[in-house]
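Overview (structure and organization)
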Amino acid sequence: MTDAHTTGPFIAAIDQGTTSSRCIVFDKDGRIVAVDQKEHEQIFPKPGWVEHDAAEIWTNVQEVVAGAIEKAGITSADVKAIGITNQRETTLLWDKNTGEPVHNAIVWQDTRTDALCKELGRNVGQDRYRRETGLPLASYFAGPKARWLLDNVEGLRERAERGEILFGTMDSWVIWNLTGGVDGGVHVTDVTNASRTMLMNLHTMEWDDKILQSMEVPAAILPEIRSSAEVYGLAKGGALDGIPVASALGDQQAALFGQTCFSQGEAKSTYGTGTFMLMNTGDEPVNSYNGLLTTVGYRIGDQKAVYALEGSIAVTGSLVQWMRDQMGLINSAAEIETLASSVEDNGGAYFVPAFSGLFAPYWRSDARGVIAGLTRYVTKAHIARAVLEATAWQTREITDAMTKDSGVELTALKVDGGMTSNNLLMQTLSDFLDAPVVRPMVAETTCLGAAYAAGLAVGFWPDTDALRANWRRAAEWTPRMDADKREREYKSWLKAVERTMGWLDEEN
Ligand SMILES: Nc1ncnc2c1ncn2[C@@H]1O[C@H](COP(=O)(O)OP(=O)(O)O)[C@@H](O)[C@H]1O
Ligand SMILES: O=P(O)(O)OC[C@H](O)CO
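Residues numbered from 1 in each chain as written. Chains lettered and ligands numbered in written order. Predicted model: local features only at pLDDT ≥ 70, side-chain atom pairs only at ≥ 80, totals over all residues. Heavy atoms only, no water.

As recorded in an unreviewed UniProt entry, the chain goes by the name Glycerol kinase, listed as coming from Streptomyces xantholiticus. Turning to the chain, the UniProt record has this under Function (unreviewed entry): "Key enzyme in the regulation of glycerol uptake and metabolism. Catalyzes the phosphorylation of glycerol to yield sn-glycerol 3-phosphate." (UniProt positions renumbered as here; feature names shortened; annotations may be inferred.)

What follows is the structure, encoded as structure tokens:
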């Protein structure tokens, strides 16, 4: 419902996420006016494979846009721009003449391209990809997923070479459909999303011909790379007909923007399905020697791009979902806190959720999940505690790597995302990091970042200083853990991590 104190105009942001799509309407102070959200099906055709039905996603996006506008009690005339943010790396190919996806989208968590990545590593070399794209060769990224589709969907490569097929991450899919689809939809992506394909040169911000050749991806299918904040086109049809589509950012970069981390050294960590910490490193890419990714943070119009170092953790909130849906140990995600709080500690158990291999700082796709330290003493409550601790320890490993790569000591961590409503987790995080953890008033920083970028593009906000003024602290947790205990437990965690590695051998 529209806040009695809120008056228009507004910005609408669409977040096409891993588990759901949502639309949020924001006012000029960056306050939420209305939200609508819808989950989509998670498809697991084989162990390690994860897919989404892109047609279902587009239907949901249209519904949540209409839903949010209706709940806000406004019309499209009150909306000045639409911002897009999205789950990154999830890869789709579709027919440009019919608008039909040629296959389900392959989700970022999917590990089917492991063998392909190993082969590329042997033939072309790890370093070559990292140097040009900032990314290690891993099944996480979009380029190998596109290659897999081209190799495995019958007749697709020929159709692609004839110019009948379009490639996109979910930003491209949503923007193309939103701006008309087969009826003149624009085929674009932004620099942040393109920086996750493993096909874009991080220095030139263009598709890299040599990498396209080695990855066997035809240039004809690729979208045009644009900045993160500019008008790509006007929405055609639907609840926001005629409104400029004016930003696109990968969801983690959008959260960096929404948390107003505009200065070098500022960082945020988002706790959703996975967890992703990004640190603004200014207008030059910084190489990582400690397992982090170098990525584009954002680019506003024709200004210089801002780069970021990223620590990506594949499984955090999804481990809580797994406890709920696959194990049936809790009935809701929030219940994990009650269960974990019923015991003092983890009872000696450590849970390393290497369900998609291990991402940062290890990048080991041969790893698989482990619960270590089990005895008959351990109860489901200890496991619940180990589940929450897994998120906090994985974050600690990332902050250690960030400090080594950037030379910047963590003084406080800005957090956001669905898991931050868990107080026990936030306290544990502060304890394990030995630093304050701070959550802003608007925890929906992903949508907020997309709204901010769109608003800047159409002059709704004058500059980033105006956005900073909107950031307000809602909650803070400070460390309470004994230092010796922390270091002892960290060692046990690292021992458990070692036990996940090498589970899959070459034949798998
Ligand atoms: N109280 C909670 N404690 C722990 N995890 C939670 C809690 N509430 C939600 N989650 C987890 O957070 C995730 C949802 O957060 P969200 O930011 O919406 O994720 P995403 O954008 O990745 O879809 C889910 O994986 C869910 O299991
Ligand atoms: O949709 P989320 O919030 O799980 O984010 C997924 C990331 O963008 C994957 O890189």
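**Quick word on the side chain of Asp-251**
Positionally, Asp-251 belongs in helix H9 (residues 251-258). We classify Asp-251 as buried; its relative accessible area is 12%. Polar contacts involving the side chain of Asp-251 include one to the side chain of Gln-252, which spans 3.3 Å. Residues in contact with Asp-251, not counting those within four places in the same chain, are Asp-15, Thr-85, Asn-86, Gln-87, Arg-88 and Thr-446. (Helix = DSSP H or I, 4+ residues; strand = E, 2+ residues; numbered from the N terminus. Buried < 20%, exposed > 50% of the residue type's maximum accessible area, 1.4 Å probe, protein only. Polar contact = N/O pair within 3.5 Å; in protein donor to acceptor, adjacent residues only side chain to side chain. Contact = heavy atoms within 4.5 Å.)

**Some points on the pattern of salt bridges**
Inspection of every chain in the model, using the stated rule, returns 32 salt bridges. A salt bridge links Arg-468 to Glu-266; the shortest N-O distance between them is 3.3 Å. Highlighted residues: Arg-468 in helix H15 (residues 464-468) and Glu-266 in the loop between H9 and strand S15 (267-271), separated in sequence by 202 residues. Residue classification places Glu-266 among the partly exposed positions, given a relative accessible area of 23%. The salt bridge partner of Lys-304 is Asp-283, with a shortest N-O separation of 3.6 Å. Of the two residues, Lys-304 sits in the loop between strand S17 (293-298) and strand S18 (306-313) while Asp-283 sits in the loop between strand S16 (275-282) and S17, which places them 21 residues apart along the sequence. Judged by its relative accessible area of 37%, Asp-283 falls in the partly exposed class. Each of Arg-88, Glu-89, Arg-196, Asp-251 and Glu-310 takes part in salt bridges that share partners, so that together they form one network. (Salt bridge = Lys/Arg side-chain N within 4 Å of Asp/Glu carboxyl O.)

**Describing the UniProt feature "domain: Carbohydrate kinase FGGY C-terminal" (unreviewed entry) in the chain**
Taking the UniProt record as the reference, the feature "domain: Carbohydrate kinase FGGY C-terminal" (unreviewed entry) is found at residues 268-457. Segment residues 268-457 splits into 35% helix and 21% strand. End C-alpha atoms: 23 Å apart.

**Section: the site of ligand 1**
Taken together, 16 residues lie near ligand 1, and Thr-19, Thr-273, Gly-317, Gly-418 and Asn-422 sit nearest. For ligand 1, a nitrogen atom lies 3.0 Å from a polar atom in the side chain of Asn-422. If ligand 1 stood free it would expose 580 Å²; the protein chains cover 83% of that surface. In terms of residue class, the shell around ligand 1 is built from 5 nonpolar, 10 polar and 1 charged. (Near = heavy atom within 4 Å. Areas by Shrake-Rupley, 256 points an atom, 1.4 Å probe, with all protein chains shown as cover. Nonpolar A, V, L, I, M, F, W, Y, C, P; charged D, E, K, R; others polar.)

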